[in-house]
Amino acid sequence: MIHQYEYTPKDYVLEDAGSSSASLKLKTTDEALEQPFEFQFEAVRPNIFRTTFTSKSHPTPPFPSAPQLKASSESAAKVTADAGKKTATVQNGTAKAVVEWTHAPVVTLYLDGVEKPVFQDLGFRSYSVDGTGVAHYSSYKLDSIYVGLGEKAGPMNLAGRGFTITASDTFGYDAYKTDPLYKHIPFLVHLSPNAVVGIFSTSHSRGQWNIGSEIDGMWGRFKVYRQAHGGLEQYLIVGRTAEEVVRSYAEIVGFPLLTPRYMMGYISGGMKYSMEDEPVRAVDVVLGFLDNCKKHDIPVSVHQMSSGYTVAEVEPKTRNVFTWNRHRFPDPREYTREAHRRGVRILANIKPYVLATHPEYQKLVQDGAFFQDTVTKKTAVARLWSAGGGESGEGSHLDFTSKAGYDWWYQGCKALREVGIDAMWNDNNEYNTPSDTWQCAIQTVEPPAGEDRKHIGLWGRALHTELMGKSSHDACVDVVPDERPLVLTRSATAGTMRYAACSWSGDNVTSWEGMKGGNGMALNAGFSLLQTYGHDIGGFEGPQPTPEHLVRWIQLGIHSPRFTINCYKTSPEDNLIGEVIEPWMHPSVTPNIREAIKRRYELIPYTYSQALKSHLSALPPQRWTGWGYESDPVVWTKDVTDSDTQYWFGDALLIAGVYEPGKDSARVYLPKKEGDFGFLNVNAPFEYRASGQWHEISSTWHSHIPVLARIGSAVPVGKNIHTTARIDAAEDAEFPDQPRDDWRGIEIFPPPAHGEHKGVAAEFESDWLEDDGISSKAKSELARAKIVYTVGKTPEEPIGVKVVVTKDGKWEPLWLPGGVDIILPIGEDREVKALDAGAKVTDKIRDVKGRRVWNVTLSSA
């Protein structure tokens, strides 16, 4: 967006104020405009306001990434307007908006109990026409913290930088410099200790967010959202915490989907596996890798099958989506059956473009499945990735607004699902097409009344990413309606995540800095509802990781919502097949990697519970250090917001990586709030650490990274292998002999009996969620488990424990009959007693790690 044709209308009249809802409508009388613009401001929820700035030539987005949120019928919001003074007030629960239009409209937001405005437009320049698009200017203060925008280069704090709102295939990107990356999500969140404000724009059109990166002596410091085409539809969300604002954002765009439980395990992958022709065919290479996992005692749950299975058997050997290379995979159904027999699910890589060499290309041209080029008056053609790294050929992107394109994709996904492919891996779907003028068919979406423009600039490239997700999702649902569908997507819009449960940071590079930068990207993804998110551990591109680097990255990666090792490590000598990262590639550290991956499996009950809570409440599994600790002034400092070195994984574990070779400790800040008890190091030397302080934590690379448990928390754990939670698993011939999830431990972290909290009695409570991990949303039945534990004033008093499980339906956890094993930290030798007189306690002495373990039967609800 290099052009700038800004004009700021300044003459407005009041057309309506609260006649049918808590809304305000203004209209320009500016004679310089060919068409009048309307400005509308409306309270739609107690903390959500909707703003539009539109005209006939600049309409609201023709297909917004979120359906319009209508004002609640129970809304108590009130509008008070004074046309003479050109001002109005909208009182909306604890939030208040003041709109003034003596010049361009200026919106100012207030929150009860906060003295100063929490948001304010930039006077005299707030809402501007900019050629075919619009711009929205608002105030900006130094030392602010801004997050979100889906996925942007680190650090987490986006303040003081500018970003392009579009998506690109950024193979081998720099985690601290490259922009844009893969996501198109214009949702920006301003964090502060007393108030949080989210700004969400619904357009799929390309845009820019400059967050204090532009400074002007006349205008001072400001932030600006620029949109290339169409008018503005924007939501302002006000809350006291990030949790409140993110949940309200989910009410607009949709809550994260249910993720299958199998996605919590080790997800393997690598381009090389599906590219092999000889001496061993790809099918046997993939299955051989799965057998090697068993040989090395490394559990694996999912394999991401790269696009080598689609490469043509004869020249030109290009990638042809929805075809099978029958030399590499002679019998696709037998292949998936063999993978399933080993307990492993298969994701198939699919790309939304068709090369001219594809056997169905000409038919798709005739059917109108692609965009139309206004210059050539023919099917739009682009250079597209065809074979090896850096190789390209001519072809066309599918137009998902065309019935032919959408249906062809749907049928292709359906055919994959019918041969046993478990999930769709939507890849290369950034739609970075070269021209705004390419024409869409507009057949699968309903155009607004009177809108006859069809160019991709107005409708948005990202619209096709979203519709691709829908087509993939719907095909999976229609083939296996009783199972929750899984679509993994590289690119995404806010609306894409209504169809895709998982995403990742794309084609990262092997580097220590890139490993660290991924943390900031993941945290911003979580703010933006990309919550089952992760990285390609070890780096997708670049050199092979050293033993130390691979161990460090895996130690970090197991504490993330999605844990995947996948790569395409090409070189000038080999740009076709490449190398892979395997857990046993460095024999000297295979035991360390095995231990880490098995810990990942132990944590599945905890990790999967975070995914369920994300689905129900939009709570990110991976959170910034200040989440829930907003009263701690240190979390607002650059050492925390810009360091990208630590984060919360759930509400119990604070994770800090080590990001330099040869380093055997890490500096970690432990946040503090009123009434907390500090933290326990879950690794040697297992010491207590006070909150509200920086600590240097010993972390030798061959053992662990810093993992600090919040005192008073609880972490449910399971077996260190892949298991199933399905009651009827024994009847499933497709996945025979699956180990059952029939044991549950709970790691608790009471205050040490000796130390600063000696003599303090306390009670702690934690909960987690479970279901069968696979049923569709309509059939999924939750079980809610709650643990309460107490400590007395003296070291001699036992730890009291009570565990209660409530069920939504007939399904119940397989471990229920055996109760739970209470696992105490190393060095904690107090006895455990039942708080419920009807429960039984059995001393199981110690586990293999030397921790005291007590079995407790469940209490009645």
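Residues numbered from 1 in each chain as written. Predicted model: local features only at pLDDT ≥ 70, side-chain atom pairs only at ≥ 80, totals over all residues. Heavy atoms only, no water.

A. Examining the overall build of the protein more closely. Per the secondary structure count, the protein includes 13 helices and 53 strands. Taken over C-alpha atoms, the radius of gyration comes to 28 Å for the protein, in line with the 29 Å a tight globule of 861 residues would show. Projected onto its principal axes, the C-alpha coordinates of the protein cover approximately 85 × 70 × 55 Å. Buried positions account for 62% of the 861 residues belonging to the protein. For the protein, the share of sequence-separated contacts (at least 6 apart) that also reach a separation of at least 24 residues comes to 69%. Summed over its atoms, the accessible surface of the protein is roughly 31,200 Å², and 50% of this surface lies on carbon and sulfur atoms. Side chains of the protein carry 91 positive and 108 negative charges; the gap between the two charge centres is 2 Å. (Helix = DSSP H or I, 4+ residues; strand = E, 2+ residues; numbered from the N terminus. Rg over C-alpha atoms; globule rule 2.2 N^0.38 Å. Buried < 20%, exposed > 50% of the residue type's maximum accessible area, 1.4 Å probe, protein only. Contact = heavy atoms within 4.5 Å. Areas by Shrake-Rupley, 256 points an atom, 1.4 Å probe, with all protein chains shown as cover. Lys, Arg positive; Asp, Glu negative; His and termini not counted. Charge placed at Lys NZ, Arg CZ, Asp CG, Glu CD.)

B. Main features of the environment of Ile554. In this fold, Ile554 is placed in helix α10 (residues 547–557). Along the primary structure Ile554 and Tyr659 are separated by 105 residues, whereas in three dimensions their C-alpha atoms are 12 Å apart. Non-local contacts of Ile554, meaning those with residues more than four positions away in its chain, are made with Ile537, Phe563, Ile565, Ile593, Ala596 and Ile597.

C. Focus on the sheet that holds strand β27 (residues 382–385). Strand order in the open sheet formed by 3 strands is β24-β28-β27, and the pairing between neighbours is antiparallel. Of all strands in the sheet, those bounded by a partner on one side alone are β24 (353–355) and β27. Neighbour to neighbour, the strand axes of the sheet diverge by 60° on average, direction disregarded. Here β24 pairs with strand β28 (residues 392–397) via 3 bridges, running antiparallel. Among the inter-strand pairings, Leu355 is bridged to a residue of β28, identified as Gly395. (Pairing = 2+ DSSP bridges. Axes fitted to C-alpha atoms, helices over the stretch in contact; angles between N-to-C directions.)

D. Seen up close, the nonpolar core. Leu191, Tyr266, Ile554 and Ile787 are the most contacted members of the largest nonpolar core, which totals 197 residues. With 8 residues, helix α3 (residues 282–295) is the largest single contributor of residues to this core. Setting aside its immediate chain neighbours within four residues, Tyr266 contacts Phe289, Cys293, Ile298, Pro299, Val300, Ser301, Val302, Phe563, Ile565, Pro583, Ile597 and Tyr601. Tyr12, Leu26, Phe163 and Ile165 belong to the second largest nonpolar core, which has 44 residues in total. (Core = buried A, V, L, I, M, F, W, Y, C linked by side-chain atoms within 4.5 Å.)

E. Fine view of the packing of aromatic side chains. In total, this model carries 38 aromatic pairs according to the counting rule given. Here Phe53 and Tyr127 contribute two aromatic rings whose centre-to-centre distance is 5.9 Å and whose plane-to-plane angle is 50°, an arrangement assigned as tilted. Of this pair, Phe53 sits in strand β5 (residues 48–54) while Tyr127 sits in strand β11 (residues 127–130), and the two are 74 residues apart along the sequence. The exposure class of Tyr127 is buried, given its relative accessible area of 0%. Ring plane angle 90° and centroid distance 6.1 Å describe the contact between Phe171 and Phe540, whose orientation is recorded as edge-to-face. Residue Phe171 is located in the loop between β14 (161–165) and β15 (183–184), and its partner Phe540 is located in the loop between β33 (533–536) and α10; the two are separated by 369 residues in the primary sequence. For Phe540, a relative accessible area of 9% gives the class buried. An aromatic cluster is present here, built from Phe322, Phe400, Tyr406, Trp408 and Trp409 joined pairwise through their rings. Taking the ring centre of Tyr110 as reference, the NZ or CZ of Lys96 above it sits at 5.2 Å. Of note, Lys673 hangs over the ring of Tyr629, and the distance from its end group to the ring centre comes to 4.6 Å. (Phe/Tyr/Trp six-rings, centres within 6.5 Å; stacked < 30°, edge-to-face > 60°. Lys NZ or Arg CZ within 6 Å of the ring centre and 35° of its normal.)

F. Here's a closer look at empty space enclosed by the protein. Counted under the stated rule, the structure contains 12 cavities of 30 Å³ or more. Here the largest cavity is characterised by a volume of approximately 200 Å³. Looking at the lining of the largest cavity residue by residue, the class counts come to 7 nonpolar, 8 polar and 4 charged. Empty space within the second largest cavity amounts to approximately 130 Å³. In terms of lining residues, the second largest cavity is bounded by 18 residues, among which Met515, Gly518, Asn519, His535 and Trp553 are the most central. Going through the elements one at a time, α9 (512–527) and α10 are the ones with two or more residues in the lining of the second largest cavity. If you tally residues by element for the lining of the second largest cavity, the top one is α9, at 6 residues. Broken down by class, the residue content of the lining of the second largest cavity amounts to 8 nonpolar, 10 polar and no charged. (1 Å grid on protein atoms, 1.4 Å probe; cavity = no way out; pocket = protein on both sides within 12 Å on 5 of 7 lines; lining within 4 Å. Points joined across faces, edges and corners; volume = space filled by probe spheres on them. Nonpolar A, V, L, I, M, F, W, Y, C, P; charged D, E, K, R; others polar.)

G. Spatial organisation of the layout of surface pockets. Empty space within the largest pocket amounts to approximately 870 Å³. Along its surface, the largest pocket is lined by 41 residues, and Val682, Asn683, Phe686, Lys849 and Arg851 are the ones closest to its centre. Residue assignment for the lining of the largest pocket shows that the elements contributing at least two residues are α11 (590–602), β41 (679–681) and β46 (745–748).

H. Seen up close, the sheet that holds β41. With respect to topology, 6 strands assemble into an open sheet ordered β37-β38-β39-β44-β41-β42, the strand pairing being antiparallel. Only two strands of the sheet have a single neighbouring strand rather than two, namely β37 (622–623) and β42 (688–689). Here strand β39 (residues 653–656) pairs with strand β44 (residues 707–710) via 3 bridges, running antiparallel. Along β44, the bridge assignment pairs Ile655 with Val707.

I. Representation of the packing of helix α6 (residues 403–418) against helix α8 (residues 462–479) in the model. Between α6 and α8, whose axes approach to 8 Å, the crossing angle comes to 40°. By the criterion of interaxial angle, the relationship of α6 to α8 is oblique. The two elements α6 and α8 cross, and the hand of that crossing is right-handed. Only Leu467, Met468, Lys470, Ser471, Ser472, Asp474, Ala475, Cys476, Asp478 and Val479 of α8 make contact with α6, whose side of the interface consists of Tyr406, Trp409, Tyr410, Cys413, Lys414, Arg417 and Glu418. For the contact of α6 with α8, the residue count by class is 9 nonpolar, 2 polar and 6 charged. (Parallel < 35°, antiparallel > 145°, perpendicular 65-115°, else oblique. Left-handed = near helix turned anticlockwise from the far one by under 90°.)

J. Examining the pairing of strand β8 (residues 95–100) more closely. In this sheet, β8 lies alongside strand β7 (residues 87–92) in antiparallel orientation, the contact comprising 6 bridges. Along β8, the bridge assignment pairs Thr89 with Val98. Counting the residues that bridge the hairpin from β7 to β8 gives 2 residues, and of these Gly93 lies at a positive phi of roughly 65°.

K. Quick look at the side chain of Arg261. Within the fold, Arg261 resides in the loop between α1 (242–253) and β21 (266–269). Beyond its immediate chain neighbours, meaning those up to four positions away, Arg261 contacts Ile604, Tyr608, Thr723, Thr724, Ala725, Asp741 and Gly773.

L. Main features of the packing of α10 against α11. Direction vectors running N to C along α10 and α11 enclose 10°, while the axes themselves pass 9 Å from each other. With respect to each other, α10 and α11 are oriented roughly parallel. Where α10 abuts α11, its residues Leu550, Val551, Ile554 and Gly557 lie against Asn592, Ile593, Ala596, Ile597 and Arg600. The residue makeup of the contact of α10 with α11, split by class, is 6 nonpolar, 2 polar and 1 charged.

M. Region of interest: unusual backbone geometry. In this chain, Glu278 is followed by Pro279 through a cis amide linkage whose omega measures 0°. Note that Pro279 resides in the loop between α2 (271–275) and α3. In this structure, the amide linkage connecting Glu315 to the following residue, Pro316, adopts the cis form with an omega of -10°. If you trace the backbone, Pro316 turns up in the loop between β22 (302–305) and α4 (332–341). Phi at Ala618 takes a positive value of approximately 65°, unusual for a residue other than glycine. In this fold, Ala618 is placed in the loop between α12 (604–617) and β37. The exposure class assigned to Ala618 is buried, which follows from its relative accessible area of 2%.

N. How the structure looks around the pattern of salt bridges. Taken as a whole, this structure holds 50 salt bridges when the rule is applied. As a salt-bridge pair, Asp179 and Lys152 come within 3.1 Å of each other at their nearest N and O atoms. Placement of Asp179 in the loop between β14 and β15 and of Lys152 in the loop between β13 (145–148) and β14 is noted, with a sequence separation of 27 residues between them. Among the residues examined, Asp179 registers a relative accessible area of 29% and is labelled partly exposed. A salt bridge links Asp741 to Arg261; the shortest N-O distance between them is 3.2 Å. In this pair, Asp741 sits in the loop between β45 (714–717) and β46 while Arg261 sits in the loop between α1 and β21, placing the two residues 480 residues apart along the sequence. The same class applies to Asp741 and to Arg261, which are both buried. One connected set of salt bridges, linked through shared partners, spans Asp169, Lys351, Asp427, Glu430, Arg490 and Asp507. (Salt bridge = Lys/Arg side-chain N within 4 Å of Asp/Glu carboxyl O.)

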